[in-house]
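Chains, contacts and geometry: an overview
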Amino acid sequence: MRTTRVGLVNTDALPGPILQSILPLLNIYYLERIEETALKKGLSTQAIWRRLWDELMKTRPSSLESVTCWRAKFMEAFFSHVLRGTIDVSSDRRLCDQRFSPLLHSSRHVRQLTICNMLQGATELVAEPNRRVLETLASSLHTLKFRHLLFSDVAAQQSLRQLLHQLIHHGAVSQVSLYSWPVPESALFILILTMSAGFWQPGPGGPPCRLCGEASRGRAPSRDEGSLLLGSRRPRRDAAERCAAALMASRRKSEAKQTARAAPATRVTRRSTQESLTAGGTDPKRDLHPPATSHEAPGTKRPPSAPATTSSASSSTSSSKRAPASSAPQPKPLKRFKRAAGKKGPRTRQGSGAESEDLYDFVFIVAGEKEDGEEMEIGEVACGALDGSDPSCLGLPALEASQRFRSISTLELFTVPLSTEAALTLCHLLSSWVSLESLTLSYNGLGSNIFRLLDSLRALSGQAGCRLRALHLSDLFSPLPILELTRAIVRALPLLRVLSIRVDHPSQRDNPAVPGNAGPPSHIIGDEEIPENCLEQLEMGFPRGAQPAPLLCSVLKASGSLQQLSLDSATFASPQDFGLVLQTLKEYNLALKRLSFHDMNLADCQSEVLFLLQNLTLQEITFSFCRLFEKRPAQFLPEMVAAMKGNSTLKGLRLPGNRLGNAGLLALADVFSEDSSSSLCQLDISSNCIKPDGLLEFAKRLERWGRGAFGHLRLFQNWLDQDAVTAREAIRRLRATCHVVSDSWDSSQAFADYVSTM
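Model, not experiment: these values are computed from the prediction.

Some words on helix H19 (residues 449-461)
- Between its terminal C-alpha atoms H19 stretches 18 Å, which fits the 18 Å expected from 13 residues at 1.5 Å a residue.
- Turning to H19, its buried residues number three or more, namely Asn449, Ile450, Phe451, Arg452, Leu453, Leu454, Ser456, Leu457 and Leu460.

Rendered as C-alpha cells:
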C-alpha cells in the first residue's frame, strides 16, 4: 500500500483537522499528491485550487464554462504556461520545488493542449530530457489545438512531425482544431492534415521512431489502412490527384522562372504539395553547398535524365528554402503565377522513373502553349488537369511510401483560408478518412472548391466503415444557393446525423467560379429526389433573400428521423410558404422534438405560430428575435396562451427579443393557472423590455396559483435596473417557484450604445 508523505511526514496517519490546517501551506506538488488522502478523510481541496487559480493565473473562467475540478484545470493551465515560458516557477514558493519537474508532474492532467505562433513548445516536448513528459501526454491528451500560427522554420516543423506522430499515431489524441490562421503556410498546413489522417513518413535526417520498432519500419501499409487511400500499387488517378499534380508542377515551373529573373536569396516561398508530403523540409547542411542531389528518398537512384548539376528548377527550389522564416517578411499566399519572358532553361526532374518525366513533360507542354507574359491562374491549371488523360499525372505520390497509423476522429478548421492547393489535399485525404466522425469547416473561403469537397465526401460515404456523422459548414459565400448545397450534402452523405450549414451572403462575388467552368457539375445539383437519410439534427443559417420553400420541404421530407431543426434568418416569399414548411414538418417529421427560429419576421405568420404551439409532438420551441408581438398583440396573446394551456407535451418555450413587455409577461402567467394542462418547465423571456414592477406581479400570480417549481426562468438583458429594490424582491419570490437566471444588465448604457451605432 502506497503512503503519501510530505517531506518526512506520513500524511495518511494525520488526523483530519490537522491535515486540513496544513493543506493551504503546501506547494502545488505536495498538494496534488495529497489529494487522494484528503478525499479519504472527507476533505476537499477545490477551494485551495480555486484560490491558486485566482492568484496565479489571474484570469476569470468564462461564465458558460462549468468547472468540475479546479485541480485539473489549474494543472493543465500550469503545464501550458511552463511549456511556453510565460510563467516563472521560481517567482512563487508554491510553484518551486527542486524535487519535482513541473512539466512531468502536471502532464497527466492535460486533456487539451494549444500550440501557438511559431510552434512554441513542440521542440521542447520532443527533446530527450522530456521523453517521460511526452509519454504521459500521449495517454492523457485528447484535443490538440493550433492558434494564430505563423511561418516556421524546418527544425520546428520536424519537431512538430515527431510530436504529432507520438500524440496521434501512438497516443490518444482524437481531435485536432486550427483557429485563426489568416495566411496559412502550405507545408505546415499539409503536414498537420496528413499526420492527422494517419500518414507517417519520417523526415530526412530525423531520428527513427522507437515506438514503431525496427520490424515495422519500412513495411508497406496493410490493405485495410493505406490501400483505402492509395488503392493498388499504382493508385487510381482521380480528378483530385490530377489536379494536385498539375498544380504542383505549375508552381515549380513558375518559381523557377521567377527566381531566374531576380529573386532575392532570402525570399520565402511556399512549398509545393508533393514536397510537403514527402520530406517536410530540407536538410540545413545541404543548403550550405551547391545542391548536388534532388529531393529523393534515401537509396533512390537518379535517372540518367536528371544530372546532379544545378539547373534552374533545382536552384530555385533550394534558394526558396535557404533562409529561415524568421529572417524574412511573411509573404501573402501566392494566388497567381506569371510566366517569365525569355528563353526556356533546362529542366530538372526531381522524381524518379518514367512516370515523373512524363508528368513534367505533360505540364510543360500544356503551359508552353500560353504566350509569354500571360497570367495563369492556379484554378485554371487545376481544372485543366481535371480533364487530362495523361496517365503519368499520379498526384500526391508521396503517400504511396507512407505508413498508415491511427488517425483522429474530429477535425475543425476555423478561419483558415484554404488555397486550391490546400483544398485539393484536404479533399484527397477526406475521400478515405474512414475514422473521421465530425468535420467542421468554418469560414475557409472554399469557393468553387466546394464541388471537390462534395465529391470527396461522396467517395468517403462509399467507403466501408465510414464513421462521418456530423458536418458543420459555414462560409461567407457559396457558389451554390444554400438549399441546393444542403440537398447536395444530404445526397452525398445519407448516413449523416448532424448537419449545420451557414452562408452569410447570397452570392459569391469575391470567389467567382473558375473561368471556363459552365457551372456546378450535374451530379451535384441533380433534380432527382433526395433518398431517405438519417439526419437527426439540422441547423441552417440563411443569407438575405427569399428562400424557395419547395427545396426546403424536399429536404425535410427525406429526413424522417429529424429530431431537431433550427432555421436562422430564413425568409420566405409569403406566409403561405412558411405554412407549407410547417405542414411538411407535421406530416413527415413525426420524430421532431425541438424547433428553433431565429431572426425571422413572423409578425404576419401568427396563425402559423399558433399551429406550431398546438403541435403535440414538439417538446421545445424557440422564437428568438422573431417580432412575434409586433402586430395585433392584444388579440394574438390570448390566442397564444390558450394554445399553450391545451398543450401537455411542450416542456420549453424560448421567447428572447420579442418585445413582450410587462403586459405580455402577465398574459403568459395565465399558462400556469389552475385550469391549465400545460407542463411547461422552461421559459426564456430575455431581452423583452420587462420592468421590475411587471416581474413582481408575475411572481405574485405564480404564488397565488400555487404551482410548484416549474424549472428554469431566464431573465437576461431586461430593464430590471430601473428599480433595483423591486427587482430583488421579485427575484426572491420567483426563486421559491423556479430556478432564476439573470444578470446585472445596464439598460441605459445599452440604449446609449444602440443609439450611437444608428
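Okay, back to it.
Some points on helix H26 (residues 692-705)
- If you check H26, its first and last C-alpha atoms are 20 Å apart, about what 14 residues at 1.5 Å a residue would give, namely 20 Å.
- Listed as buried for H26 are Pro692, Gly694, Leu695, Leu696, Phe698, Ala699 and Leu702.

Details of the confidence of the model for the chain
- Considering every residue of the chain, the mean pLDDT works out to 75; 66% of them sit at 70 or more.
- Low pLDDT, under 50, characterises residues 214-249; the predicted model gives this stretch 77 contacts beyond four residues in sequence or across chains.
- In this model residues 508-518 is a low-confidence stretch, pLDDT under 50, and it forms 14 contacts with partners more than four residues away in sequence or in other chains.

Description of the environment of Val671
- With respect to the helices and strands, Val671 occurs in the loop between helix H25 (661-668) and strand S19 (682-684).
- Here Val671 falls in the buried class, since its relative accessible area comes to 1%.
- Taking the C-alpha atoms as reference points, Val671 and Lys645, 26 residues apart in sequence, are found 5.4 Å from one another.

Overview of the packing of aromatic side chains
- Applying the stated criterion to the full structure yields 9 aromatic pairs.
- Note on Phe629 and Phe636: the rings are 5.9 Å apart at their centroids and 45° apart in plane angle, and the pair reads as tilted.
- Owing to a relative accessible area of 9%, Phe629 belongs among the buried residues under this scheme.
- A residue is classified by how much of its surface remains accessible, and Phe636, at 0% relative accessible area, is buried.
- A network of ring pairs unites the aromatic residues Phe572, Phe578, Phe597 and Phe623 as a single cluster.
- Sitting above the plane of the Tyr179 ring, Arg147 keeps its charged end 4.1 Å from the centroid.

Here we look at the packing of helix H4 (residues 46-57) against helix H5 (residues 70-84)
- The N-to-C vectors of H4 and H5 enclose an angle of 30°; their axes lie 8 Å apart at closest approach. Judged by the angle between their axes, H4 and H5 are roughly parallel. The two elements H4 and H5 meet at a crossing, and its hand is left-handed. Where H4 abuts H5, its residues Gln46, Trp49, Arg50, Leu52, Trp53, Leu56 and Met57 lie against Trp70, Arg71, Lys73, Phe74, Met75, Ala77, Phe78 and His81.
- Tallied by class, residues from the contact of H4 with H5 come to 10 nonpolar, 2 polar and 3 charged.

Looking at the pattern of salt bridges
- In this structure the tally under the stated criterion is 21 salt bridges.
- Asp54 is the salt-bridge partner of Arg50, the closest N and O atoms lying 3.3 Å from each other. Residue Arg50 and its partner Asp54 are located together in helix H4, separated by 4 residues, close to a single helical turn.
- Classification of Asp54 by relative accessible area gives partly exposed; the value is 40%.
- Two residues, Arg94 and Glu55, come together in a salt bridge whose shortest N-O distance is 2.6 Å. Of this pair, Arg94 sits in the loop between H5 and helix H6 (102-107) while Glu55 is found in helix H4, placing the two residues 39 residues apart along the sequence.
- By relative accessible area, which is 36% here, Glu55 ends up partly exposed.
- Here the residues in one salt-bridge network are Arg51, Glu55, Asp92 and Arg94, joined through shared partners.

As for unusual backbone geometry
- For Arg627, which is not glycine, the phi dihedral falls at a positive 55°.
- Structurally, Arg627 is set in the loop between strand S17 (620-624) and helix H24 (633-645).
- Although it is not a glycine, Gln717 sits at a positive phi angle of roughly 55°.
- Within the element layout of this structure, Gln717 appears in the loop between strand S20 (712-714) and helix H27 (724-734).

Section: the packing of helix H21 (residues 549-557) against helix H22 (residues 575-588)
- Here H21 crosses H22 at 10°, and the two axes come no closer than 10 Å. It follows that H21 is roughly parallel to H22 by the angle criterion. Mapping the contact onto sequence places Ala549, Leu552, Cys553, Leu556 and Lys557 in H21 and Asp577, Leu580, Val581, Thr584, Leu585 and Tyr588 in H22.
- Considering only residue class, the contact of H21 with H22 consists of 8 nonpolar, 1 polar and 2 charged.

What counts as what
- Residues numbered from 1 in each chain as written.
- Predicted model: local features only at pLDDT ≥ 70, side-chain atom pairs only at ≥ 80, totals over all residues.
- Heavy atoms only, no water.
- Helix = DSSP H or I, 4+ residues; strand = E, 2+ residues; numbered from the N terminus.
- Expected span 1.5 Å × (residues − 1).
- Buried < 20%, exposed > 50% of the residue type's maximum accessible area, 1.4 Å probe, protein only.
- pLDDT = per-residue confidence, 0-100.
- Contact = heavy atoms within 4.5 Å.
- Phe/Tyr/Trp six-rings, centres within 6.5 Å; stacked < 30°, edge-to-face > 60°.
- Lys NZ or Arg CZ within 6 Å of the ring centre and 35° of its normal.
- Axes fitted to C-alpha atoms, helices over the stretch in contact; angles between N-to-C directions.
- Parallel < 35°, antiparallel > 145°, perpendicular 65-115°, else oblique.
- Left-handed = near helix turned anticlockwise from the far one by under 90°.
- Nonpolar A, V, L, I, M, F, W, Y, C, P; charged D, E, K, R; others polar.
- Salt bridge = Lys/Arg side-chain N within 4 Å of Asp/Glu carboxyl O.

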